[in-house]
Amino acid sequence: MTLDKGLQNGLAFFYLLVALLNFGFAAYSMVGAKRRIAGFLWAGVGVLFLLHTVGYFSHQGWMLSAALREFIDGLTGPVTYTMVSIVAFALLLYFRKFFVQPDVAWTILQLSLLAGGWAMTDPNFREIVAKEDNVPISMLIYSVAFFTWLALYRAVQNDERLARGEPVLEKVDDEKVLVWPDLVYTELICMILATFVLIIWAVLLKAPLEQPATSAKAPNPSKAPWYFLGLQEMLVYYDPWMAGVVLPTMIIIGLIAIPYIDFNRGGNGYYSFVERKFAVSIFLFGFVVLWVTLIVLGTFLRGPNWNFFAFFEYWDPHKVLPLNNVNLSQLVWLNVFHIPLDDFKVRFGDFLGPILRELPGIIVVGLYMLALPPLLARTFMKSYFLRMGFVRFITLVTLIQFMAALPIKMVLRWVINLKYIVAIPEIFFNI
Amino acid sequence: MSVGDFIRNSQVWKSVFRHPAPRDRRNRVVVMLTNVFLHLHPVSVRKSGIALSYTWCMGGLTFFMFLELTVTGVLLMFYYRPTLEHAYNDILILRDVATLGILRELHRWGAHAMVITIWLHMYRVFLTGSYKPPREFNWGVGVILLVLTLLLSFTGYLLPWDQLAIWAITVGSNMARATPFLGYEGPGATFLKVGDVSLIHSGSDARFILLGGRFVSGETLLRFYVLHCVAIPLAVAVLIAVHFWRVRKDGGISGPL
């Protein structure tokens, strides 16, 4: 199999841009930051990318080897994907001082660009990533990564300044300036740049238009708009009433509640991590891990029948995955006590039967929702409880419980193939 | 007298700009007070507060995207009729016939961009702790604006009336069917009945109200069109006014005390 010439030219252009980026960074390192060795190193990396440009312009047809693609695909699954993103997130926060160094962050960016360019030589990967409506997601990934770096970079600087007893960065340039010209010109330049980017984007990429709508033929996979794909991914673990209604409602309520439950008066008006460890960690986890990486998963790695497809895998609509998920009631009554589940309705009727059948799950959920808050108030979160008061504390813990419900269900699904904790399909009440 | 001076001394010019060009300190203050658009801003701000490395300009860009989408959206309305008969063909004509045909692209990519910029704006506001007192209420207004932005994008997704559109909306709106008590496949809905007649069925539940029917149909198209072009933008415009007003009243761009 060979690579299309247009694609090779595109890749050559892409690597040229990346090379220029590196030369720019090299020049900045040498001249601006007076770090000559780093500068030479980045210039060398630039040359490496330039070699790619030459290779693709002369249509060498370099491709990722099939063996390597299969190896990467073999490593990737929903479990590894989610675990890697959670572990990477924890490492990023813990070793933030290391990761925010410009050379380290730049290295990660170059590796991702190099890998991204190489991955584009795979037809399956290309088909998904280059889809018009998926382009914003690549932009989202890079902009969220960049701004996370920027915020943590400034937070680390501010935390060090605070530790030394110096004022935060935002306090340094504290004098007042006139809005005309300082702010209005910044705004004007931003507007012009945004217009420019938008026009270039609109000229290069046509808005998608598929066949006329028909209710007779459903596309497989049927996907919601990309910004809701995190919610659609939750459907794997929860029924629509949870994933589509209750959890989104809790997200909105939780966001509005943030200022009223965050009693910490520190870190108001400047970037800081140390002063707001708890709040920043929870929010970053919610936004970066649960929201953004699930969107990426839902867009790039979920194919026909919402099955998981690794990066370079062909989206085969006939891929069959065994579904052997079981409910908690079955695990308890059938596997432990050897009581058939149908017995409950026969013996106790249509109303009491399902309730008794699902009693283990009802107890588990009840304990989780009702017993956990007082338990936390007496143990790990005692200081929070004392400082926040009853209402704030209960609100905070309830919101965290709903947020944690997703990762908990994920783990249960992976480890014991759990389908529902409580399953009363008679009234659509499945958790 | 140069042409420029002649123009600036004419009665017409002076009737529009009631003071000299903002070249000295006094007139730079006056310009902010006499122009209705500029007066959204204060006269002076803290230098660190407007640094791009602090604000990322994402709130401003979100507002700019809203304006851009309003302009391109109004232009698109000239070409588009929200009926089963015309919707898809009107988009085809926009794509294939209209001169300088990037109008739809500007609108679609602008909408995607607005979703990203509003998330990043919120991200920045959180990470600088700018929602803390006295700005608690304005954060809540911002969350509502976020929801409305997503709804705007969602309602607009249906309008091209192609396969992508109706199935994305079908997937999305199927959730409403499962709303507790109010969706006919939602938990608890079976309990809401008078005698043997259930109040919540597929012709009366939350999904039916959203779609104007039991499935995505011509009624849905009209409903989403009106929501997309009139109802939600009006609500957004009002809330943006509240949001900006409260930014000013709650102490301007945040910063260390």
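Basis of the calculations
- Residues numbered from 1 in each chain as written.
- Chains lettered and ligands numbered in written order.
- Predicted model: local features only at pLDDT ≥ 70, side-chain atom pairs only at ≥ 80, totals over all residues.
- Heavy atoms only, no water.
- Helix = DSSP H or I, 4+ residues; strand = E, 2+ residues; numbered from the N terminus.
- Buried < 20%, exposed > 50% of the residue type's maximum accessible area, 1.4 Å probe, protein only.
- Areas by Shrake-Rupley, 256 points an atom, 1.4 Å probe, with all protein chains shown as cover.
- Lys, Arg positive; Asp, Glu negative; His and termini not counted.
- Charge placed at Lys NZ, Arg CZ, Asp CG, Glu CD.
- Contact = heavy atoms within 4.5 Å.
- Buried area = accessible area lost by both parts, 1.4 Å probe.
- Salt bridge = Lys/Arg side-chain N within 4 Å of Asp/Glu carboxyl O.
- Nonpolar A, V, L, I, M, F, W, Y, C, P; charged D, E, K, R; others polar.
- Pairing = 2+ DSSP bridges.
- Domains from an automatic or database assignment.
- Expected span 1.5 Å × (residues − 1).
- Polar contact = N/O pair within 3.5 Å; in protein donor to acceptor, adjacent residues only side chain to side chain.
- Disulfide = S-S within 2.5 Å.
- Patch = residues over 30% accessible without salt bridge, like charges linked within 9 Å, V, L, I, M, F, W, Y side chains within 5 Å.

Asks: So what about the overall build of chain A? Which residues, and what values?
Replies: Tallying secondary structure elements over chain A gives 18 helices and three strands in all. Principal-axis analysis of the C-alpha atoms gives chain A an extent of 80 × 65 × 40 Å. Each of the 431 residues in chain A was classed as buried or not, and the buried ones make up 43%. Element-wise, carbon and sulfur atoms account for 72% of the exposed surface of chain A, whose accessible area totals about 22200 Å². Charged side chains of chain A number 32 positive and 29 negative; the gap between the two group centres comes to 6 Å.

Asks: Could you give an account of the interface of chain B and chain A, with specific residues and numbers?
Replies: In this assembly, 92 residues from chain B lie in contact with 94 residues from chain A. Here chain B and chain A share an interface that buries about 8500 Å² over both sides, 72% of which is from carbon and sulfur atoms. It is B:Trp109, B:Trp119 and B:Tyr123 in chain B that bury the most area against chain A; as a group they hold 10% of the surface buried on that side. The partner of A:Asp262 in a salt bridge is B:Lys132, with the nearest N and O atoms 3.6 Å apart. Breaking the side of chain B that touches chain A down by element, the ones donating at least two residues are α3 (25-34), β1 (44-46), α4 (52-55), α5 (58-77), α6 (87-96), α7 (103-127), α8 (136-158) and α9 (163-174) of chain B. At 17 residues, α7(B) tops the list of elements feeding residues into the side of chain B that touches chain A. Here the side of chain B that touches chain A is composed, by residue class, of 58 nonpolar, 19 polar and 15 charged. With three bridges connecting them, strand β1 (residues 176-178) of chain A and β1(B) associate as antiparallel partners. Bridge assignment links A:Val177 to a residue of β1(B), and that residue is B:Val45.

Asks: Describe the domain arrangement of chain B, and please don't skip the residues or the numbers.
Replies: Domains assigned within chain B are domain 1 (1-44) and domain 2 (54-249). The gap between the C-alpha centroids of domain 1 of chain B and domain 2 of chain B is 39 Å.

Asks: Run through α5(B), naming residues and quoting values.
Replies: Helix length check: α5(B) (20 residues) gives 28 Å between terminal C-alpha atoms against 28 Å at 1.5 Å per residue, within 8%. All of the buried residues in α5(B) are B:Met58, B:Gly59, B:Leu61, B:Thr62, B:Phe64, B:Met65, B:Phe66, B:Glu68, B:Leu69, B:Thr72, B:Gly73 and B:Leu76. In this structure, the buried side of α5(B) is in contact with α8 (135-163) and α10 (179-204) of chain A together with α4, α6, α7 and α11 (218-249) of chain B.

Asks: Give me unusual backbone geometry: which residues, what numbers.
Replies: In this model, A:Asn220 is joined to A:Pro221 through a cis peptide bond whose omega is 0 degrees. Mapped onto the elements, A:Pro221 comes out in the loop between α10 and α11 (229-234). The residue after B:Pro133, namely B:Pro134, is reached through a cis peptide bond having omega 10 degrees. Mapped onto the secondary structure, B:Pro134 falls in the loop between α7 and α8. Of note, the phi angle at A:His338 is positive, near 55 degrees, even though the residue is not glycine. With respect to the secondary-structure elements, A:His338 resides in the loop between α14 (328-336) and α15 (342-357). For A:His338, a relative accessible area of 63% corresponds to the exposed category. With a phi angle near 70 degrees, B:Phe181 is a residue other than glycine that sits in the positive phi range. Note on placement: B:Phe181 falls in the loop between α9 and β2 (193-194). What makes B:Phe181 partly exposed here is its relative accessible area of 45%.

Asks: Tell me about the side chain of A:Ser143, and please be specific about residues and values.
Replies: Position of A:Ser143 relative to the elements: it lies in helix α8. Relative accessible area serves as the criterion here: at 15%, A:Ser143 is assigned to the buried category. Polar side-chain contacts of A:Ser143 include one of 2.7 Å to the backbone oxygen of A:Met139. In this structure, A:Ser143 is in contact with B:Ile116 and B:Leu120, ignoring residues within four places of it in sequence.

Asks: So what's going on with the state of the cysteines? Residues and values would help.
Replies: Overall, the coordinates contain zero disulfides over all chains when judged by the stated rule. With no disulfide of its own, B:Cys57 has A:Cys190 as its nearest cysteine by sulfur position, at a separation of 3.2 Å.

Asks: Run through a nonpolar patch on the surface, naming residues and quoting values.
Replies: Residues and elements named next belong to chain A. Together, Phe 348, Phe 351, Leu 352, Ile 355, Leu 359, Ile 362, Ile 363 and Leu 367 make up an exposed nonpolar region whose accessible area comes to about 700 Å². Looking at the nonpolar patch, the elements that each hand over two or more residues are α15 and α16 (359-378). Tracing the backbone through its elements, the reader meets Leu 352 in helix α15.

Asks: Describe in detail the pattern of salt bridges, supporting the description with residues and values.
Replies: Residues and elements named next belong to chain A. Tallied over the entire structure, the rule returns 20 salt bridges over all chains. For Glu 166, the salt bridge is made with Arg 164, and the minimal N-O distance between the two is 3.0 Å. Look at Glu 166 and you get partly exposed, because its relative accessible area is 31%. Residue classification places Arg 164 among the exposed positions, given a relative accessible area of 54%.

Asks: Describe in detail α7(B), supporting the description with residues and values.
Replies: All names here are of chain B. For α7, spanning 25 residues, the distance from its first C-alpha to its last is 36 Å, which sits close to the expected 36 Å at 1.5 Å a residue. Extensive coverage of α7 is indicated by the burial of 24 of its 25 residues. Directly beyond the C-terminal end of α7, a positive phi value near 65 degrees is found at Gly 129.

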